[in-house]
Amino acid sequence: MNCNECVYSEECKKPNADKPACLMLARYNRIYKGAKIPKLYQNRTIGDLSLDNVSRNGASLLQKYSTITVRAVGMGKSLYFYSEPTEGNPLGTGTGKTTLACALMNSYIRDYVWETVKNGQSIDKLPAYFLNCSTLQNGYNKMFRVDSASTEYYSMKQYAMDCNLLILDDIAMRGCSEGFMCELYDIIEHRVSNNKTTFYTSNVDLEQLSVLLDQRIASRICGSPETCALVLVCGEDYRVRG
């Protein structure tokens, strides 16, 4: 890899950089692969994106968060990215919510690996994990048809519960059985109770979320503005406009 293409190229050039960035790449690549970030959302950061369709408060929050990802995640600062229907986009889809959430996760992984190596710390668990709610629900449903599917499902669930930073993508996109809703609640309750950071993306606000899923889930997600901030992302559907 060309040094100018390395995610640590800028840090490596700093006068006080006491560890060559190339020593960190093996750890970074292993963790990044384990995070399961879809290819479409890889490698971009908040600085690479336009925030024109993000609310003013939301844009300011994202810019600040991107500079302190490790500290913010360590403090359990969760975010709920959502959209509201407009005349041109009545479902609020394709506004870039997942792109923004992944941009912050990209920065977090980069900065987390840098800090752990710099401080001589080992990493004994996956620090970041991307999980689409439909993927989790499909895995849950598959267990009742295929005996061997339980191992894959419970691995996903355990990663989602244990990681420092989780993206729960497209929450409340489709209806849930009571059984799966309990599974989803288990993950969210565990993370909230243990002050773990979660980025949620959804096409609905919290009021609608409580109707589509469960009031308990909506309450746990954003029970306090100090622990979970709302980020409104509106605009055209970029998947339609191309």
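Refer to the structure printed above.
Right, let's walk through the structure included here.

Calculation criteria
Residues numbered from 1 in each chain as written. Predicted model: local features only at pLDDT ≥ 70, side-chain atom pairs only at ≥ 80, totals over all residues. Heavy atoms only, no water. Salt bridge = Lys/Arg side-chain N within 4 Å of Asp/Glu carboxyl O. Helix = DSSP H or I, 4+ residues; strand = E, 2+ residues; numbered from the N terminus. Buried < 20%, exposed > 50% of the residue type's maximum accessible area, 1.4 Å probe, protein only. Arc of directions from axis to C-beta. Contact = heavy atoms within 4.5 Å. Core = buried A, V, L, I, M, F, W, Y, C linked by side-chain atoms within 4.5 Å. Phe/Tyr/Trp six-rings, centres within 6.5 Å; stacked < 30°, edge-to-face > 60°. Lys NZ or Arg CZ within 6 Å of the ring centre and 35° of its normal.

1. Some points on the pattern of salt bridges
The full count for this structure, using the stated rule, is 4 salt bridges. Salt-bridge contacts for Arg220 lead to Glu189; the nearest nitrogen and oxygen are separated by 2.6 Å. You can see Arg220 sitting in helix α10 (residues 215-221) and its partner Glu189 sitting in helix α8 (residues 178-193), a full 31 residues away along the chain. Under the relative-accessibility criterion, Glu189 is labelled partly exposed at 24%. A network of salt bridges, in which partner residues are shared, links Lys157, Glu183 and Asp186.

2. Remarks on helix α2 (residues 25-35)
All of the buried residues along α2 are Leu25, Tyr28, Ile31, Tyr32 and Ala35. With its buried residues spanning 135° around the axis, α2 presents them on a single face. Those residues of α2 that are exposed and angled more than 90 degrees off the buried face are Ala26, Arg30 and Lys33. On its buried face, α2 is in contact with α5 (97-118) and β2 (128-132). Two residues or fewer past α2, Lys36 is found with a positive phi of approximately 65°.

3. Structural notes on the nonpolar core
Membership of the largest hydrophobic core comes to 41 residues, with the highest contact counts inside it found for Ile37, Leu62, Phe81, Leu100, Ile109 and Phe199. Broken down by secondary-structure element, the contributors of at least two residues to this core are α2, α3 (56-65), α4 (69-74), β1 (78-82), α5, β2 and β3 (165-169). The element contributing the most residues to this core is α5, with 12 residues. For Leu62, the contacting residues outside a window of four places in its chain are Ile46, Leu51, Val54, Leu79, Phe81, Leu100, Leu104 and Val231. Counting 37 residues, the second-largest nonpolar core is a separate cluster that includes Leu126, Leu136, Ile221 and Cys228.

4. A few points about the packing of aromatic side chains
Enumeration over the complete set of coordinates arrives at 11 aromatic pairs. Measuring from centroid to centroid gives 5.3 Å for Tyr129 and Tyr159, while their planes differ by 50°, and the two rings are tilted. Of this pair, Tyr129 sits in strand β2 while Tyr159 is found in helix α7 (residues 149-162), placing the two residues 30 residues apart along the sequence. Tyr129 gets classed as buried once you look at its relative accessible area, which sits at 5%. We classify Tyr159 as partly exposed; its relative accessible area is 42%. The cationic tip of Arg216 hangs over the ring face of Tyr185; the distance from NZ or CZ to the ring centre is 4.4 Å.

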